[in-house]
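# Observations on the model geometry
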Amino acid sequence: MTEVIKILLIEDDEDDYFLTSDYLERCESTQFELTWVTDSDAALEALKERSFDLCLLDFLLGAENALDVLSILKANQFNVPVVILTGQSDAMVDEMVMRAGAADYLQKSEIESPRFMRTIRYALVRRDIENERIERNKVEQKNKAKDKFLAHLGHELRTPLTSILGYTELLIDDARNSPFQQELSIIHSNGKHLLSLLNDLLDMSRIMADKLELNVKRVNLASFLTDIHSLMQLNAKDKGLSLNVVAKTKMPVFIQTDPTRLRQILLNLITNAVKFTDNGTITLTIEIETPEAGNLALEEQSVHPDTVLRFTVDDTGIGMAPDKLENIFHPFEQIEDVMRANHGGAGLGLAICKELVCKLDGDISVTSRMGEGSSFSFYINPGDISTQPFEELALGQLSIVEPANLNLKLTGKVLIVDDLREIRRLTGHLVSQSKADISYAENGVKALEAVLHADEQNAPFNLVLMDIHMPVMNGIEALHAIRRHGKNLPVVAVTAASRKGLKESLIREGFNDVIGKPIDRFALASLLSLYLPADNPITFSNVEAQVSNMPTTKPFAPESASSHQRGSNLDIPELLKARTSSVSQQTTEQTKDEVTEKDTAESSTKKVLVVEDDEDAAELLQLFLTHLGCDVVKSLCGNDALQAMSEQQFDHVLMDLTLPDYDGYELAKELKAQQRNCILTIVSGHQADKDIMSTIGIDSALLKPVTKDDLESVIA
């Protein structure tokens, strides 16, 4: 079928219109569809109503000329190619209209000549080339926008996930939470699942852009499989399924692979098996294969250079029809006729598995029968295992991290102010881990009444935890009212807001400190330790009682721990000072030894600067590092980091790449310039550029979310 070329003719002379129309109708090689208008307004209306392949424009249109019309078309973003028609040749006019954006310039006397058709064809070819360029540019811009969006999405989602996973780990570490280990493990597991969904999306983007990199390292196979089995066993158990791990051959103790990617493949396949299996068994089978000998026992053969490690995941689930298996490893593919409401998915998992297996020098395949189950099998290159000992596979137990205890041996009185009863009770439950007396108020007015009443009873509160957003009287108004009554007790703001500068703003209002919602247990414990007195604190009366009951042959010396109580400022009367002055030489020497040990420990403490604009993430890093025995300074922006660096010497800097006032790499350069010997580690939701890191002298990089073990690996 002959292509129909749609032409818009802008011509105010009717005779020229008929001349042009007649010639176009007589063309046998090409079919034209001509639309005639006489001025720019009519041309705009026609272009808005339909699209045209070409515009023929008379140079003179009454009060208008071609330059005016070209300007109007450009202003209205019409990109149709325009050929100017004029009654006579003029080199100056020719140059003017071409500069104005015309595709070509032609005399009306040439309409019936071959040049007219060549001009039209050349204009159409240039239009096609330009359209291709525009479309290509659009695709490139879309890809850049997508990459930028995904990078931003990854960073923004990793930051809250860091808090979720990190704080859950800290709760798991607390020995007092042992009755809730299963619940906390479920929270932690689901947080990791959310992270895996994010990683799937980012991984597919990297795969499509051919930017996915492997991190091959030495992997203990038994420990690796123990981790996989422990992680997935709970999911299988929840559906009444059994998950078995079987080795058909003896296994090498260590293999060389990317453990993160191999783990990702296995978790995807086992998760799918659990999802599509309602009863029965899921079995992960591992075996060593060689090209010639199959899976013979390894003691009967030498390790062949082409030996591979094969994994097979079998299930007794709903299965798939054979004709549905062809596209199962393609992105976003779903098998509609076997999908049920509880079998959803994004359709990325198997496509990612296919790409990752190929990256690991392997291949993946599937067999399945409807109603009987499916079998996914893949192999990878295990690296050089010729020197490895081979043993029967024995899955072990996951190592248990020693819990860390919080010091909540505190007393005093705490007022909790929040308009939501559930939040009041939850906060009260956290505070109740100390020995403090707890009172509640539902708004600012009630809080003010409670504070004044407690003072009248000579039993003032030691601390008020004040929500900011409440009806009747909000937290800031309540604080101002308390201060107007001359009450200077500590008041801590409790808020779910997280905008930058909020903490500083609230402290300027008069709050002593700020804690975020949901309230973190460790942060709350730190605040309570700061503002509440220790349980059974040493006072004049109980010290005197202790001294009076002590044998006269043994002089009284307060326990060293008492002197280190936070906020302790004891004023011992002269009588007691006299009675405690005759401390034995042995005690003095012991004290000196303790001081020496303390000074030595303090001198070995690493000074770490954390540069992170997200306050939650910064607080989490500080908690982790403090637990690792580091002295931590936080900076929320680049300028603060540079100021801190100019005032103090640091052993290590942990910094985000995304900061409000600095490009991360530029800041790294300046920090390195200030303290050349300071170790610098990137902690970011973005993959750090290894070349730039090497150029600047950045020592290492961690990808959020980070664990305490990650930090220990770079700080140690």
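A brief look at the structure comes next.

How each quantity is defined
- In this convention, every chain numbers its residues from 1, walking through the sequence in written order.
- Where local features are concerned, this predicted model is filtered to residues with pLDDT of at least 70; where side-chain atom pairs are given and counted, the filter is 80 or more; whole-chain, interface and lining totals use all residues.
- Side-chain measures here rest on the full set of heavy atoms in the structure, leaving out hydrogens and waters.
- Put simply, DSSP marks the helices as runs of H or I at least four residues long and the strands as runs of E at least two long, and each gets a number from the N terminus on.
- With a 1.4 Å probe rolled over the protein chains alone, any residue whose accessible area is under 20% of its type maximum counts as buried; one over 50% counts as exposed, and the rest are partly exposed.
- Only heavy atoms matter for contacts: two residues are in contact if any of them lie within 4.5 Å across the pair.
- Computed with the Shrake-Rupley method and a 1.4 Å probe, the accessible areas treat only the protein chains shown as cover for residues.
- For this analysis, a nonpolar core means a set of buried residues of the types Ala, Val, Leu, Ile, Met, Phe, Trp, Tyr and Cys, connected via side-chain atoms within 4.5 Å.
- Here the expected span of a helix is defined as 1.5 Å times the quantity of residues minus one.
- In this scheme, strands are said to pair when DSSP sees at least two bridges between them.
- Axes here refer to lines fitted to C-alpha atoms; in helices the fit is confined to the stretch in contact. Angles between the N-to-C directions go from 0 to 180 degrees.
- By definition, turning the near helix anticlockwise from the far helix through less than a right angle yields a left-handed crossing, and turning it clockwise yields a right-handed one.
- As a working rule, the residues Ala, Val, Leu, Ile, Met, Phe, Trp, Tyr, Cys and Pro are called nonpolar, Asp, Glu, Lys and Arg charged, and the rest polar, with Gly in that last group.
- To pair, rings of Phe, Tyr and Trp, with the six-membered ring standing in for Trp, must have centres within 6.5 Å; the planes then decide the type, stacked if under 30 degrees apart, edge-to-face if over 60, and tilted in the middle.
- Throughout this description, the term charge over a ring refers to an Arg CZ or Lys NZ atom that lies within 6 Å of the ring centre and within 35 degrees of the ring normal.
- One side-chain nitrogen of Lys or Arg within 4 Å of one carboxyl oxygen of Asp or Glu is enough to make a salt bridge.
- Every angle not falling under 35 degrees, over 145, or within 65 to 115 is termed oblique; those three ranges are roughly parallel, roughly antiparallel and roughly perpendicular.

### Things to note about the overall build of the protein
Looking only at helices and strands, one finds 23 helices and 26 strands in the protein. Looking at the 716 residues of the protein, the share that counts as buried comes to 42%. Of all intrachain contacts in the protein linking residues separated by at least 6 positions in sequence, the fraction that spans at least 24 positions is 71%. Here the protein has roughly 38600 Å² of accessible surface; of this, 50% comes from carbon and sulfur atoms.

### Section: the nonpolar core
Counting 47 residues, the largest nonpolar core has Leu266, Leu269, Leu309, Phe311 and Phe378 as the members making the most contacts within it. Secondary-structure elements contributing two or more residues to this core are helix H6 (181-208), helix H7 (221-238), helix H8 (259-275), strand E12 (281-289), strand E13 (308-315), helix H9 (349-359), strand E14 (363-369) and strand E15 (373-380). It is H8 that contributes the most residues to this core, eight residues altogether. Of all hydrophobic cores here, the second largest spans 24 residues; its members include Phe461, Val464, Ile468 and Ile482.

### Brief notes about helix H19 (residues 615-627)
Here H19 contains 13 residues, and its C-alpha end-to-end distance of 18 Å stays within 8% of the 18 Å for a straight helix at 1.5 Å per residue. Buried within H19 are the following residues: Ala617, Ala618, Leu620, Leu621, Leu623, Phe624 and Leu625. After H19 finishes, the residue Gly629 shows a positive phi value of roughly 85°.

### Considering the environment of Tyr122
Secondary-structure assignment places Tyr122 in helix H5 (residues 114-173). Given a relative accessible area of 49%, Tyr122 falls into the partly exposed group.

### Quick notes on the sheet that holds strand E26 (residues 700-703)
Within the open sheet, the five strands sit side by side as E23-E22-E24-E25-E26. Their pairing is parallel. Looking along the sheet, the strands with just one partner apiece sit at the ends: strand E23 (631-635) and E26. On average, each strand axis in the sheet is tilted by 20° relative to the strand beside it, whichever way the strands run. Alignment of strand E25 (residues 679-684) against E26, held across four bridges, turns out to be parallel. In the strand pairing of E26, Val683 is matched with Leu702. Helix-sheet contacts for H19 involve strand E22 (607-611), E23 and strand E24 (652-655), and the interaxial angle to E23 is about 170°. Helix H23 (residues 708-715) rests against E22, E24, E25 and E26 of the sheet, and its axis sits at about 180° to E26.

### What to know about the packing of H8 against H9
Contact geometry for H8 and H9: axes closest at 10 Å, N-to-C directions at 145°. For the pair H8 and H9, the crossing hand works out as left-handed. Packed against H8, whose contacting residues are Arg261, Gln264, Ile265, Asn268, Leu269 and Asn272, the element H9 presents Gly349, Leu350, Ile352, Cys353, Leu356 and Val357 at the interface. By residue class, the composition of the contact of H8 with H9 is seven nonpolar, four polar and one charged.

### Considering the packing of aromatic side chains
For the structure on display, the rule yields four aromatic pairs. Each ring, one from Tyr17 and one from Trp36, has its centre 4.1 Å from the other, and the planes form 5°; the classification is stacked. A residue pair is termed long-range when its members are at least 10 positions apart, and Tyr17 in helix H1 (residues 14-26) and Trp36 in strand E2 (residues 31-37) qualify at 19 residues. Look at Tyr17 and you get buried, because its relative accessible area is 18%. The ring of Phe254 is capped by Arg218, whose NZ or CZ atom sits 3.6 Å from the centre of that ring. Here Lys413 stacks its cationic end above the ring of Phe461, 4.7 Å away from the centre of that ring.

### A short note on the pattern of salt bridges
Side chains bearing opposite charge may pair, as long as their charged atoms lie close to each other. Taken as a whole and assessed by the stated rule, the structure comprises 13 salt bridges. Here Glu372 and Arg369 are joined by a salt bridge, their closest N and O atoms 3.8 Å apart. Its relative accessible area of 48% is what places Glu372 among the partly exposed residues. In this structure Arg369 comes out as exposed when scored by relative accessible area, which is 55%. The salt bridge involving Glu612 is made with Lys704; its shortest N-O contact spans 2.8 Å. Here Glu612, found in the loop between E22 and H19, pairs with Lys704, found in the loop between E26 and H23; they are 92 residues apart in sequence, far enough to count as distant. We note that Glu612, like Lys704, is buried.

### With respect to the pairing of E24
On E24, burial covers both faces: His652 and Leu654 on one face and Val653 and Met655 on the other are all buried. Strand direction decides the pairing type here: E22 and E24, joined by four bridges, are parallel. Note on E24: the bridge partner recorded for Val611 is Met655. Pairing analysis gives four bridges linking E24 to E25, with the strands arranged parallel. Bridge assignment links His652 to a residue of E25, and that residue is Ile679.

### Details of the sheet that holds E15
Spatially, E9-E12-E13-E15-E14 is the arrangement adopted by the five strands of the open sheet, whose pairing is mixed. If you trace the sheet from one side to the other, it starts and ends with strand E9 (242-247) and E14, each paired once. Adjacent strand axes in the sheet meet at a mean angle of 15°, parallel and antiparallel pairs treated alike. Strand direction decides the pairing type here: E14 and E15, joined by seven bridges, are antiparallel. What sits directly across from Val366, in E15, is Phe376. Relative to E14, H9 is tilted by about 140°, and along the sheet it contacts E14 and E15.

### Topic: the packing of helix H2 (residues 40-49) against helix H3 (residues 66-75)
In contact at an axis separation of 10 Å, H2 and H3 are set at 30° when each is read in the N-to-C sense. Considering the angle they form, H2 stands roughly parallel to H3. For the crossing formed where H2 meets H3, the hand is right-handed. Contact residues: H2 offers Ser40, Leu44 and Leu47, while H3 offers Val69, Ile72 and Leu73. Of the residues assigned to the contact of H2 with H3, the class counts are five nonpolar, one polar and no charged.

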